[in-house]
Amino acid sequence: MDGARGRKQRRASVRRGTALLLALAWVLVLWACQAAVGGRLVVVPWLALAPLAASLVLTWRGTAAVAAAVVLAVTQLSAATGDLWTGFGGIRVAGGAALSAFAVFSAHVRVRREAHIRAVTEVATVAQAAIQPPVPARVGHVALASRYVSASADALVGGDLFDVVAADGGVRLIVGDARGKGLPAVHVAAAVLSAFRLSAPRVDVPLEEVARHLEAAITPRLAEEDFVTAVLCELHPSGRLDIVRCGHPAPLRLVAGRTPEEVGNHSCPPLGLGVEPVVESTVLRAGERLLLHTDGLVEARDAEGRFFDVLRAASALVPSGGAPAEALDADLEGLLEKVRAHVGGTLTDDVAVLLVEALEG
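The shown structure was predicted, so the numbers you read here are calculated from the model rather than taken from an experiment.

Draft legend 1. Broad picture of the overall build of the chain. Counting secondary structure elements, the chain contains nine helices and 11 strands. In the chain, which comprises 361 residues, the proportion classed as buried is 43%. In the chain, 70% of the contacts between residues at least 6 apart in sequence involve partners at least 24 apart. When the accessible surface of the chain is summed, it comes to about 18400 Å², and 60% of that surface belongs to carbon and sulfur atoms.

Okay, structure coming up:
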């Protein structure tokens, strides 16, 4: 992270240096052109643009350097015309100085605001890591990859959620989506994750009881008509896969040589609306994969309103029969690149995805 931050700071320094040189070059060119042609001063308004433009990207010191060059240029050109102390020469210089001072102050305010935004963003990043950390690359006999993509460039956390815990030699997973936006959805998602991490590792709590515990934990936090859709899975060392769906899209089983297929046909009401969980069982053998996702993936639309074809896109995630588990991360990123291309780069809903591969015990 420090290396990435250092590279980002170096790129920012290069951009500021380039902007400073361009602004000074703009002042020098206009100054030279006016000096060469002489006559009535016509470049003063264009010179005044330099500190204003510089204040948008430079620090107050860099803006002050440009401002000083502008005031010097206006003073020299006014002196060359002979009206520095008579006529409008003094007014030009005073006006240029006042505008330049305003630009320096504007740059100072902008830099302070940007520093505040960076501090808030760092706090949000820490909060995201605490509420929704990436899952480990491996838990027990299961390899994993996860992604959380926010629909808003200004939001790092949202109502989508996922987590994985070990339980009695097996692995339990959850992917969910809290209805709503903003901080209320974040609070509900955090409550779901907290309850899952508390109850899911307990071998004396069946998977359907985990769902009931989740509902009991979040119900006091829900506003009217709010709820959480979720799918819970338990993968046993024997390969048996138990699934409980609570109003959530069905997981996709990915098997070499076969098209992706949905598993878990039965769905009960979402959490908060009176869950009646039913466990369905199937098999996920070593080398086979499971894709769990929120509805932001299936409801992603292109410019013509067509939904993203998840089944077709998931075909690229089907294991070839010898693909290493380390390929999960790259395969999952490829899926997200496809959905971004489908929507034209801007998602309208958060997307959480979890890709699982069963390994040899």
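Draft legend 2. The arrangement of the pattern of salt bridges in detail. The final tally for this structure, using the stated rule, is 16 salt bridges. In this structure, Asp226 engages Arg179 in a salt bridge whose closest nitrogen and oxygen atoms are separated by 3.1 Å. Of this pair, Asp226 sits in the loop between α6 (207-218) and β5 (228-235) while Arg179 sits in the loop between β4 (170-178) and α5 (182-199), and the two are 47 residues apart along the sequence. Given a relative accessible area of 17%, Asp226 falls into the buried group. A residue is classified by how much of its surface remains accessible, and Arg179, at 39% relative accessible area, is partly exposed. Notably, a salt bridge pairs Glu357 with Arg289, separated by 2.9 Å at the nearest N-O pair. Taken as a pair, Glu357 in strand β11 (residues 351-358) and Arg289 in strand β10 (residues 289-293) lie far apart in primary sequence, 68 residues in all. A single salt-bridge network, built from bridges that share partners, covers Arg147, Asp329, Glu333 and Arg340.

Draft legend 3. Representation of a nonpolar patch on the surface in the model. Among the surface-exposed residues, Trp26, Trp46 and Leu49 lie close enough to one another that they form a single nonpolar patch of about 330 Å² accessible area. Looking at where Trp26 falls in the secondary structure, it is placed in helix α1 (residues 2-37). Classification of Trp26 as partly exposed rests on a relative accessible area of 39%.

Draft legend 4. Structural detail: the nonpolar core. Counting 28 residues, the largest nonpolar core has Ile174, Phe196, Leu214, Leu232, Cys246 and Leu271 as the members making the most contacts within it. Going through the elements one at a time, β3 (160-167), β4, α5, α6, β5 and β6 (240-246) are the ones with two or more residues in this core. Looking at which element gives the most residues to this core, the answer is α5, with eight residues. Apart from residues no more than four positions distant in its own chain, Leu214 is found in contact with Ile174, Val192, Ala195, Phe196, Leu232 and Leu271. Ranked by size, the runner-up nonpolar core spans 25 residues in total, among them Ala143, Leu297, Leu332 and Leu336.

Draft legend 5. Structural context of α6. In this model, α6 (12 residues) spans 17 Å end to end at C-alpha, consistent with the 16 Å of a helix rising 1.5 Å per residue. Those residues of α6 that fall on the buried side of the exposure criterion are Leu207, Val210, Ala211, Leu214, Glu215 and Ile218. Down the axis of α6, the smallest arc covering the buried residues is 140 degrees, so these residues share one side.

Draft legend 6. Summary view of the pairing of β11. Most of β11 is tucked away, with eight of its eight residues classed as buried. Across the two faces of β11 the burial is the same, with Val351, Val353, Leu355 and Glu357 and Ala352, Leu354, Val356 and Ala358 all buried. Two elements, β10 and β11, share five bridges in a ladder whose sense is antiparallel. Counted as the bridge partner of Leu290 is Val356 from β11.

Draft legend 7. Examining the state of the cysteines more closely. What the rule picks out here adds up to zero disulfides. The thiol of Cys246 is unpaired, and the distance to the nearest cysteine sulfur, on Cys268, comes to 3.7 Å. On the accessibility criterion, Cys246 (0% relative accessible area) is buried.

Draft legend 8. The sheet that holds β3, seen in detail. Across the sheet, which stays open at both edges, the five strands sit in the order β3-β4-β5-β6-β9 with antiparallel pairing between neighbours. At either end of the open sheet lies a strand with only one pairing partner, and these are β3 and β9 (280-283). Ignoring which end each strand starts from, the neighbouring axes of this sheet average 20 degrees apart. As paired strands, β6 and β9 are joined by four bridges and run antiparallel to one another. Residue Arg240 lies in a different strand from β9, and its bridge partner there is Val283. Packed onto the sheet, α6 meets β4, β5 and β6 and runs at close to 150 degrees relative to β5.

Draft legend 9. Highlighting helix α2 (residues 44-54). Considered for burial, the residues of α2 that qualify are Val44, Leu47, Ala48, Ala50, Pro51 and Ala54. Burial along α2 is one-sided: seen end-on, the buried residues are contained in an arc of 135 degrees.

Draft legend 10. Spotlight on the sheet that holds β11. Overall, antiparallel pairing links the six strands, which are arranged β1-β2-β11-β10-β7-β8 in an open sheet. Of all strands in the sheet, those bounded by a partner on one side alone are β1 (138-139) and β8 (261-262). Two strands pair when backbone bridges link them, and strand β7 (residues 252-254) and β8 are joined in this way by two bridges, in the antiparallel orientation. What sits directly across from Arg253, in β8, is Glu261. Those strands touched by helix α9 (residues 327-343) are β2 (142-149), β10 and β11, and its axis lies near 30 degrees from that of β2.

Draft legend 11. Quick peek at the side chain of Asp226. In this structure the side chain of Asp226 is engaged in a polar contact, spanning 3.1 Å, whose partner is the side chain of Arg179. In this structure, Asp226 is in contact with Arg179 and Leu273, ignoring residues within four places of it in sequence.

Conventions adopted
- Residues numbered from 1 in each chain as written.
- Predicted model: local features only at pLDDT ≥ 70, side-chain atom pairs only at ≥ 80, totals over all residues.
- Heavy atoms only, no water.
- Helix = DSSP H or I, 4+ residues; strand = E, 2+ residues; numbered from the N terminus.
- Buried < 20%, exposed > 50% of the residue type's maximum accessible area, 1.4 Å probe, protein only.
- Contact = heavy atoms within 4.5 Å.
- Areas by Shrake-Rupley, 256 points an atom, 1.4 Å probe, with all protein chains shown as cover.
- Salt bridge = Lys/Arg side-chain N within 4 Å of Asp/Glu carboxyl O.
- Patch = residues over 30% accessible without salt bridge, like charges linked within 9 Å, V, L, I, M, F, W, Y side chains within 5 Å.
- Core = buried A, V, L, I, M, F, W, Y, C linked by side-chain atoms within 4.5 Å.
- Expected span 1.5 Å × (residues − 1).
- Arc of directions from axis to C-beta.
- Pairing = 2+ DSSP bridges.
- Disulfide = S-S within 2.5 Å.
- Axes fitted to C-alpha atoms, helices over the stretch in contact; angles between N-to-C directions.
- Polar contact = N/O pair within 3.5 Å; in protein donor to acceptor, adjacent residues only side chain to side chain.

Everything listed here is a matter of geometry and, on its own, says nothing about what the molecule does.
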